[in-house]
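The primary structure of each chain is shown beneath.
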Amino acid sequence: QVQLRESGGGLAQAGGSLKLSCVASGLTFSNYAMGWFRHAPGKEREFVAAISWSTGGSTYYADSVKGRFTISRDNAKNTVDLQMNSLKPEDTAVYYCAARRYSANDLRSDSVYNYWGQGTQVTVSS
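Just so we're clear, the structure is a prediction, and the values are computed from it rather than from any experiment. (Residues numbered from 1 in each chain as written. Predicted model: local features only at pLDDT ≥ 70, side-chain atom pairs only at ≥ 80, totals over all residues. Heavy atoms only, no water.)

Caption draft 1: Region of interest: the environment of Val48. Structurally, Val48 can be placed in strand β5 (residues 46-51). Residues Val48 and Asp63, spaced 15 residues apart in sequence, show a C-alpha to C-alpha distance of 8.6 Å. Ignoring sequence-local partners within four residues, the contact set of Val48 consists of Trp36, Phe37, Arg38, Tyr60, Tyr61, Ala62, Val65, Phe69, Leu82 and Tyr95. (Helix = DSSP H or I, 4+ residues; strand = E, 2+ residues; numbered from the N terminus. Contact = heavy atoms within 4.5 Å.)

Following this line, the structure appears as structure tokens:
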């Protein structure tokens, strides 16, 4: 079975940092592009960041997190990370890891992903 498991969420102060990790099992990890999405109460799920399959040579970011968040992958560990710096209260949400086999037309779209994790809560206080 395919399983994605996020970790690293919690409470942070505005301006602080958190690092989220997602470990995948049951799939050939390097063959999947990986994405991070977030969902805050009362809002639609939104794209945060994505990284291409294989070596992860291409990365994509939502404008709202560009310059603050960094996505990376470690195929040897079957993990994708999201380093979040300069956190803002509006970053508060449940963050989800997602996997898409090989390429997709638009990794910013949640509809292209095959598998999803359970989510991890990130709360940023002002």
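Caption draft 2: Representation of the environment of Arg108 within the structure. Structurally, Arg108 can be placed in the loop between β9 (93-101) and β10 (115-116). For Arg108, a relative accessible area of 40% corresponds to the partly exposed category. In this structure the C-alpha to C-alpha distance between Arg108 and Ala49, which are 59 residues apart in sequence, comes to 7.5 Å. Beyond its immediate sequence surroundings of up to four residues, Arg108 is in contact with Phe37, Phe47, Tyr60 and Tyr61. (Buried < 20%, exposed > 50% of the residue type's maximum accessible area, 1.4 Å probe, protein only.)

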